[in-house]
8 protein chains.
Amino acid sequence: ARCGFPEVIFAEGKTVDWMVGIINRLIGADQDVFATRVNEEQASTFARLYPQGIQDRIARTFWLPVVTERKTPVGDVLVITAGTSDLPVAREALNTASVMGVGTELIVDVGVAGLHRILSKVDRLRQADIVIVVAGMDGALPSVVGGLVDCAVIAVPTSIGYGAAFQGLAPLLTMLNACSAAVVTVNIDAGFKAGYTAARIVHRMYRSEKS
Amino acid sequence: ARCGFPEVIFAEGKTVDWMVGIINRLIGADQDVFATRVNEEQASTFARLYPQGIQDRIARTFWLPVVTERKTPVGDVLVITAGTSDLPVAREALNTASVMGVGTELIVDVGVAGLHRILSKVDRLRQADIVIVVAGMDGALPSVVGGLVDCAVIAVPTSIGYGAAFQGLAPLLTMLNACSAAVVTVNIDAGFKAGYTAARIVHRMYRSEKS
Amino acid sequence: ARCGFPEVIFAEGKTVDWMVGIINRLIGADQDVFATRVNEEQASTFARLYPQGIQDRIARTFWLPVVTERKTPVGDVLVITAGTSDLPVAREALNTASVMGVGTELIVDVGVAGLHRILSKVDRLRQADIVIVVAGMDGALPSVVGGLVDCAVIAVPTSIGYGAAFQGLAPLLTMLNACSAAVVTVNIDAGFKAGYTAARIVHRMYRSEKS
Amino acid sequence: ARCGFPEVIFAEGKTVDWMVGIINRLIGADQDVFATRVNEEQASTFARLYPQGIQDRIARTFWLPVVTERKTPVGDVLVITAGTSDLPVAREALNTASVMGVGTELIVDVGVAGLHRILSKVDRLRQADIVIVVAGMDGALPSVVGGLVDCAVIAVPTSIGYGAAFQGLAPLLTMLNACSAAVVTVNIDAGFKAGYTAARIVHRMYRSEKS
Amino acid sequence: ARCGFPEVIFAEGKTVDWMVGIINRLIGADQDVFATRVNEEQASTFARLYPQGIQDRIARTFWLPVVTERKTPVGDVLVITAGTSDLPVAREALNTASVMGVGTELIVDVGVAGLHRILSKVDRLRQADIVIVVAGMDGALPSVVGGLVDCAVIAVPTSIGYGAAFQGLAPLLTMLNACSAAVVTVNIDAGFKAGYTAARIVHRMYRSEKS
Amino acid sequence: ARCGFPEVIFAEGKTVDWMVGIINRLIGADQDVFATRVNEEQASTFARLYPQGIQDRIARTFWLPVVTERKTPVGDVLVITAGTSDLPVAREALNTASVMGVGTELIVDVGVAGLHRILSKVDRLRQADIVIVVAGMDGALPSVVGGLVDCAVIAVPTSIGYGAAFQGLAPLLTMLNACSAAVVTVNIDAGFKAGYTAARIVHRMYRSEKS
Amino acid sequence: ARCGFPEVIFAEGKTVDWMVGIINRLIGADQDVFATRVNEEQASTFARLYPQGIQDRIARTFWLPVVTERKTPVGDVLVITAGTSDLPVAREALNTASVMGVGTELIVDVGVAGLHRILSKVDRLRQADIVIVVAGMDGALPSVVGGLVDCAVIAVPTSIGYGAAFQGLAPLLTMLNACSAAVVTVNIDAGFKAGYTAARIVHRMYRSEKS
Amino acid sequence: ARCGFPEVIFAEGKTVDWMVGIINRLIGADQDVFATRVNEEQASTFARLYPQGIQDRIARTFWLPVVTERKTPVGDVLVITAGTSDLPVAREALNTASVMGVGTELIVDVGVAGLHRILSKVDRLRQADIVIVVAGMDGALPSVVGGLVDCAVIAVPTSIGYGAAFQGLAPLLTMLNACSAAVVTVNIDAGFKAGYTAARIVHRMYRSEKS
Ligand SMILES: Nc1ncnc2c1ncn2[C@@H]1O[C@H](COP(=O)(O)O)[C@@H](O)[C@H]1O
Ligand SMILES: Nc1ncnc2c1ncn2[C@@H]1O[C@H](COP(=O)(O)O)[C@@H](O)[C@H]1O
Ligand SMILES: Nc1ncnc2c1ncn2[C@@H]1O[C@H](COP(=O)(O)O)[C@@H](O)[C@H]1O
Ligand SMILES: Nc1ncnc2c1ncn2[C@@H]1O[C@H](COP(=O)(O)O)[C@@H](O)[C@H]1O
Ligand SMILES: [Mg+2]
Ligand SMILES: [Mg+2]
Ligand SMILES: [Mg+2]
Ligand SMILES: [Mg+2]
Ligand SMILES: [Mg+2]
Ligand SMILES: [Mg+2]
Ligand SMILES: [Mg+2]
Ligand SMILES: [Mg+2]
């Protein structure tokens, strides 16, 4: 829980009992709980044991705020997706940034095959402190967005696609080779990492004093 | 020389003597000569032996028209590139289509990092019978072009780029996964194949009678 | 629904409810519905809700014509397969081209291991405006077909095969390296893309006036 | 030259004449010139033609400030390397961020095989607004640094190494899988991209007003 | 059973009956039985048939000591893991070394993202004859440990991780490229091989006479 | 020199002196000398020192028969190539089989893009005891030949091609996945292995008695 | 059914009904039936419908001899495996060669980790006309066998192994690079291809007259 | 220079001046100098400046003992190679272990294609404390050696080979999948790492007291 951020639990491969043990320990220590990659079985148990918890079944996240005083969110992290199937990864990014106290907004299905969709959002894009772009298949959207904004773009390749998409390898390579210079990339389907890094950057932007 | 197209010689890995032998045999048979992947040594020899030949040192092609009656070019093949470094491959495509009797035009450096460049060409793009899109690095341009036109797009990945571009693998995968549905792809740096296929399609479009 | 083509829905990964929502919206807008990659659960629901719809359980497509005036199909797209197992991908290509108003025909199991099979079809092949060749394992058929016809060949690698076929990588590479020059390639198992691109090309061939 | 940044020229694969043409055009337009991936031949010509230009033969960059009024650098971008061989890529990052008006500092050879080296720099690391970590071979340094600081880490894999380093693939994969959550990655040897993105982030941090 | 080590059975892909046959034959020959990669069905059957056997359901090993005189363990093999999910592989290594008569100890979850964890164990690490380091994702821990100790490090990459971890390829490459020179590597998830090799080395260390 | 075959020297990476030492030792022992992958420098030295040796500068082989009594060649190994660039590999195969006392013949440039070429050779193909098929790029020829003959086919992929041929990977995968069942494959450019194996098979066919 | 061999049906991916249709058609045509890759459901149906058929549940083959006059098997194909898990692939090879009228024998579990096992079989190995070597994991056995015999070796990599075995890629590459020159390779798990090719070679050996 | 070992300099990519600077600094500090991957230019300069230094032009190492009191070498590290081309890597391993004060011996060209070669060395192999096995191409030798000895085997894949050896990938995978359990692996061509790790292990074996 460095710098007041909640401890984030990676639920994948953990038994329900194991998870409950970790959560109870965090609650006992008056710490917020945030878990990613929560599966169906874990989610139902949490729903029963922690009815006040906020579940996002699409993002597969679980959020249990324990700390009572909560700061107003700062900054503006915009998460956008190329297709509707990229939604789970996008919402993992969004929820992660949100629970870390950052202002967030989501725009879905603005891929480059219909360019008018992203072009109609240019004004909104230019307001953001950081844009997280989530895309599978060709992974072309971050290259386009990077040319439309002045801030940094965090690109998240997804495993959406088939055949030569090779479980996300294709968009990963596209993003690493983005012809726009301000695009940085995270692991395939790593919405969490994009949201977490964006939040770190935004918090540094909105510190009261500068170093 | 099926269907009146010139015999195309792949010069790579052939000695100058070998090439000259093939060329003289074609001239003797009153056939047009077109060679691709011509290296410096071959080009200088051809310049000396066949001064009437048309050399494109950037495209690395050699064109020696022998047949005297030449038909007016038909159709409209538009070749566009994402960057200036893609020019050699683009001109290989263009020259191939041209010597096969097809109308061609070239637009260079309209990659997606500066979207206004391709957007300013939309009217021209929509006139084309086929658009050949040549791009390295992220290979994102065909996805965008495929969404702007009604015709088919032939995408040519190039080996331009470094690191995770992996000698053209990155744009190849991008193009195979293009989110625009009318994008078909050829081998890395295969300008010749794109130009040749485009010419075949256009000639079928402009036959006097339909089957 | 650009250029009067139906909106094509990619059903993979979409819930039944989600699909039904999209379909009803299209019907409400008097638009044709065509879906690919339909799974068993989706197909049964559609069968119940839209009994007039045309299902192809092998191709995994769903076709619900809504527009009442329908133009006579134009052109001739020939789809051929190397083996019988390539049938689902081939029929996805065929159905896509068909619903886009193009004349289509299918020839199955004419792979190169028994060369007489494809040789006996040469006359039919030479009539086609475009040949779509679907093959897995060695992916050798498009190279042979490209040498037999004067039109363009769209090659579709399939994930049929085992071991070093690597889920379609082997035929994909074969096709990208086809020694016949007029072969262009789409993604592994991307029957839809082949059919869609073929239809675009054919419609341009059969426009009343030329640009 | 979006947002007052100099136009950056990618010199690789461009002839000397071509480069000089671009540079003179920029000078004529009263714009700063910054070039990366400058080779020996280009560098000597620039030294002769533009003696006032600043050359970094290790980083392979060329910097020709034309604009006369120059703002005080803002922020603090720290560039660190695992080994001494990573220096050229690190200095490309550093120079890029510097010419974009950002404060920079370089620390070399603090790889994880001798952990005391990075541990002795922790206080300095914690002051930075962004840390750029450049490493080849195992690419392990960003994982360690990400756990020591509160800001974001931009990881740059280099092609330093042999055998199973596969020209930078090994450190690239390491960085994409960094167990520290605030690590984002750029292409292999892409010092330019890291420096450029860091500068964009820092400039947004030091805008006078917040959005 | 070379050099008094128990015969080790690789249970994966063997039917329960087949396994029981092998075990009974070994018991009949008064030999110890040790099996790795035991699945649930095999484990339950063994629990019923050989209640005196020692099962490790996490490591998926089964240990049935038959030989009655047992030597005191020699040496000190330390097994450490980067994350908690690496536990099964670590315990396979530990159990293998143990049944081969070697002293072992396990330290879990000391990955490099929180460097204090491994630093607090340095004294213990320096006592070990061999350190086995088990890590997935970035696989960075062996590089760090190799710099902290004077003995050899056997690195075991695990398939823990997602996306560009590529089922353990990422940590495997990291470990092969470890910047610490005394790191040797085994196959992905090959806890058995690491434990077995460590035991061979330790037994040679503690022979009564030297060759 | 098992079974009376000459010792075959792999010249690649050996110095001229080293090679001469080996050759003189073989001559001293009254053994035939056959070397493959001979470079220019080695070849000129051999030409000077052993003028009676038979050099094939295209195949890069060197043949120095020492044994005086030579048996009549037996059997019929047919080597065919898809393109003219495959010639060096094909002649390495041919020369290897020849020096091992087997009857050989070569047919060049009968690739599948012009199917009439291979079809016109069917009668000759059907006489062979073994057919060695050498092909680069798509590697499609062995699949076709395997369906035309009753004997076994040894396929040799070559590194001829560019882009997604990946230095012979593409034809290698094609051949491993050949839809004709009697195709076996050797390493990329391994003409020697194909010729050697063919010779072993043929010698077993023509033994006086059968086991 | 070229050259009197039975038509071989590849059962994978075919429905039971489809298979039964093919089998009945072959029976009606008085042809032998041999199927590979038969799954459980197909096997049970065949057991019921064709009780006289010979099923090998381990090899997953089905053999229904229909032709009544059967020639005495000729020749000697020896199939050997490195481990016991390679048995299914080995028996597919063995059964295929057997139904094609060739003499066969199987030796299991003689991998190189215990070299005495293969050494004790050297006399038997040297009698064979062809040795088929089946191995997964390191795939080292064919290299050893190739040095022990005078005949050709057909190597079959299997998908047995884990981690960096990459589903058979590791033994495939080993075999293609075998340091013994008379090793040829087939696809991963392609027991059928090995058996089929071996049978073709043996039949040519035992023809009454030589060409 | 941890634990009295000489500082090892990785000369690759370092200028001669840079190297001389490092060496003089070490000499000034009364420390031994050992460098690996020394190129021709570096070696000639060292020969002139440090005539007392010991150069191995095949191993590409440079050894300049400065410390005057030298301990008697302990232990027995046996380095063996499959082929003669593996010699440089083997000698890098050997020299590294030697300068670290360990007893070493080298056996060359005992690859598995002629099994008698390694079998004739079994007694010698069984005396060693550690065997380092260096092999390219199929990389099969460590699997065989691991089954013949009771000590650990360190396997070093080399980039010797062509085609599907993929610059050492093939033997690397073979070694990681070695069917002998006591084989650990280092990077391709990493003779240094093998020698260094072997020396660490041996020094721990021959400490006067045990922990
Ligand atoms: N979706 C995710 N992807 C990658 N890392 C994650 C994810 N969710 C949580 N983590 C990281 O995993 C760590 C916790 O892992 P664990 O101790 O196994 O629960 C946290 O510190 C996070 O940095
Ligand atoms: N089988 C398919 N493969 C690739 N793309 C498809 C397929 N079927 C439909 N599409 C494309 O997917 C888009 C619709 O995606 P969605 O909005 O997710 O339904 C359409 O515009 C089609 O171009
Ligand atoms: N296990 C197998 N692996 C590869 N090819 C096979 C196998 N079994 C049968 N075949 C081939 O598959 C062809 C029949 O395929 P099909 O027409 O789909 O039944 C036969 O001609 C065989 O050559
Ligand atoms: N051939 C080699 N392969 C890998 N690492 C090496 C090699 N030679 C030296 N090293 C390592 O490189 C480090 C020195 O690197 P440097 O500071 O660049 O000279 C030493 O600590 C060695 O561990
Ligand atoms: Mg969409
Ligand atoms: Mg440009
Ligand atoms: Mg068939
Ligand atoms: Mg260093
Ligand atoms: Mg943890
Ligand atoms: Mg040719
Ligand atoms: Mg066994
Ligand atoms: Mg040798």
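In what follows, the structure referred to is the one given above.
Residues numbered from 1 in each chain as written. Chains lettered and ligands numbered in written order. Predicted model: local features only at pLDDT ≥ 70, side-chain atom pairs only at ≥ 80, totals over all residues. Heavy atoms only, no water.

So, the relation of the copies chain F and chain C
Part 1 of the argument: Note on the copies: chain F fits chain C at an RMSD of 0.0 Å, the axial shift is 0.0 Å, and the rotation between them is 180°. As the rotation angle and translation indicate, the two copies are arranged about a two-fold axis. Of every C-alpha in chain F, the one belonging to F:Ala140 sits nearest the axis of rotation, 2.6 Å from it.
Part 2 of the argument: Residue by residue, 100% of the interface of chain F is reproduced at the interface of chain C, so both copies engage with the same surface. (Least-squares fit on C-alpha atoms with pLDDT ≥ 70 in both. Contact = heavy atoms within 4.5 Å.)

Some points on the packing of aromatic side chains
Part 1 of the argument: Tallying each qualifying case throughout the model produces 48 aromatic pairs over all chains.
Part 2 of the argument: Centre to centre, the rings of D:Tyr50 and D:Phe62 are 6.1 Å apart; their planes meet at 45°, and the pair counts as tilted. Here D:Phe62 lies in strand E4 (residues 61-64) and D:Tyr50 lies in the loop between helix H2 (40-49) and strand E3 (54-56), a separation of 12 residues in the sequence. Across the pair, exposure class does not vary: D:Tyr50 and D:Phe62 are buried alike.
Part 3 of the argument: Of note, B:Lys14 hangs over the ring of B:Trp18, and the distance from its end group to the ring centre comes to 5.8 Å.
Part 4 of the argument: Note that D:Arg37 overlies the ring of B:Tyr162, its terminal NZ or CZ placed 4.0 Å from the centroid. (Phe/Tyr/Trp six-rings, centres within 6.5 Å; stacked < 30°, edge-to-face > 60°. Helix = DSSP H or I, 4+ residues; strand = E, 2+ residues; numbered from the N terminus. Buried < 20%, exposed > 50% of the residue type's maximum accessible area, 1.4 Å probe, protein only. Lys NZ or Arg CZ within 6 Å of the ring centre and 35° of its normal.)

Quick word on the packing of helix H1 (residues 16-28) of chain B against helix H2 (residues 40-49) of chain B
All names here are of chain B.
Part 1 of the argument: Contact geometry for H1 and H2: axes closest at 10 Å, N-to-C directions at 45°. Here H2 runs oblique to H1, going by the angle between their axes. Of the two elements, H1 crosses H2, and the hand of that crossing is right-handed. Residues Val 16, Met 19, Val 20 and Ile 23 of H1 lie in contact with H2, whose contacting residues are Glu 41, Gln 42, Thr 45, Phe 46 and Leu 49.
Part 2 of the argument: Its residues placed into classes, the contact of H1 with H2 shows 6 nonpolar, 2 polar and 1 charged. (Axes fitted to C-alpha atoms, helices over the stretch in contact; angles between N-to-C directions. Parallel < 35°, antiparallel > 145°, perpendicular 65-115°, else oblique. Left-handed = near helix turned anticlockwise from the far one by under 90°. Nonpolar A, V, L, I, M, F, W, Y, C, P; charged D, E, K, R; others polar.)

Digging into the relation of the copies chain D and chain A
Part 1 of the argument: For the match of chain D to chain A, the screw axis carries a shift of 0.0 Å, the RMSD comes to 0.0 Å, and the turn is 180°.
Part 2 of the argument: The fraction of interface residues of chain D whose copies in chain A are also interface residues reaches 100%, indicating that both copies meet through the same surface.

Here we look at the interface of chain D and chain A
By a widely used convention, the size of an interface equals the accessible area lost when the partners come together.
Part 1 of the argument: Counting residues at the interface gives 38 residues for chain D, matched by 38 residues for chain A.
Part 2 of the argument: For the pairing of chain D and chain A, the buried interface totals around 3,300 Å² over both sides, and the portion due to carbon and sulfur atoms is 52%.
Part 3 of the argument: For the pair chain D and chain A, the number of links is 4 salt bridges.
Part 4 of the argument: The closest approach of N and O atoms between A:Asp129 and D:Arg207, which form a salt bridge, is 3.7 Å.
Part 5 of the argument: Counting across the interface, chain D meets chain A through 20 residue pairs in polar contact (both at pLDDT 80 or more).
Part 6 of the argument: Element by element, the count of residues in the side of chain D that touches chain A is highest for helix H8 (residues 191-205) of chain D, at 8 residues.
Part 7 of the argument: For the side of chain D that touches chain A, the per-class residue count stands at 20 nonpolar, 9 polar and 9 charged. (Buried area = accessible area lost by both parts, 1.4 Å probe. Salt bridge = Lys/Arg side-chain N within 4 Å of Asp/Glu carboxyl O. Polar contact = N/O pair within 3.5 Å; in protein donor to acceptor, adjacent residues only side chain to side chain.)

Here's the deal with the site of ligand 2
Part 1 of the argument: The environment of ligand 2 is formed by A:Thr84, A:Tyr162, B:Ala181, C:Val8, C:Ile9, C:Phe10, C:Lys14, C:Thr36, C:Arg37, C:Glu92 and C:Phe192.
Part 2 of the argument: More than a single chain frames ligand 2: its nearby residues are located in chains A, B and C.
Part 3 of the argument: At 2.5 Å, a side-chain N or O of A:Tyr162 approaches a nitrogen atom of ligand 2.
Part 4 of the argument: Within the side chain of C:Lys14, one N or O atom sits 2.6 Å away from an oxygen atom of ligand 2.
Part 5 of the argument: Summarising the interface, the protein chains cover 74% of the accessible area of ligand 2, which totals 510 Å² for the free molecule.
Part 6 of the argument: Partitioned by chemical class, the residues of the shell around ligand 2 number 6 nonpolar, 2 polar and 3 charged. (Near = heavy atom within 4 Å. Areas by Shrake-Rupley, 256 points an atom, 1.4 Å probe, with all protein chains shown as cover.)

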